[in-house]
Amino acid sequence: MAHFLLIYDRSAGELVRKQQYPTDADALRGRFAAEAEFAGRPEIEIVALAAASEEDLLITHGRYFLGLAELADRMS
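For the structure given in this document, a descriptive report is provided here. (Residues numbered from 1 in each chain as written. Predicted model: local features only at pLDDT ≥ 70, side-chain atom pairs only at ≥ 80, totals over all residues. Heavy atoms only, no water.)

Considerations on the side chain of Glu 45
In this structure, Glu 45 sits in strand 3 (residues 44-51). With near-sequence residues (within four places) excluded, Glu 45 lies in contact with Leu 6, Ile 7, Tyr 8, Arg 10, Arg 63 and Tyr 64. (Helix = DSSP H or I, 4+ residues; strand = E, 2+ residues; numbered from the N terminus. Contact = heavy atoms within 4.5 Å.)

In structure tokens form, the structure reads like this:
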């Protein structure tokens, strides 16, 4: 299982940072550090996720990896 930290800027519609960690505990520590780093910025979404692979993460949470135009195309 792979563990990822994703930091997404909702207002810009783009992934700010993606980091992979060896364990869920490491990913959570990364999340807590990122929450402190981006405190007071409500447009920033921070998530720690686990997936069998990065490819699976792209399937299950693709919105973090697509631009606004690509998201709009998927919705239509």
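Now that the structure is up, let's keep going.
Description of the pairing of strand 2 (residues 14-21)
Relative to strand 2, strand 1 (residues 2-9) runs antiparallel, the two being bridged by seven bridges. Each residue of the ladder has a partner; that of Tyr 8, found in strand 2, is Leu 15. (Pairing = 2+ DSSP bridges.)

Describing the sheet that holds strand 2
Spatially, 2-1-3 is the arrangement adopted by the three strands of the open sheet, whose pairing is antiparallel. The two strands at the open ends of the sheet, each matched to only one other strand, are strand 2 and strand 3. When the angles between neighbouring strand axes are averaged without regard to direction, this sheet yields 20°. (Axes fitted to C-alpha atoms, helices over the stretch in contact; angles between N-to-C directions.)

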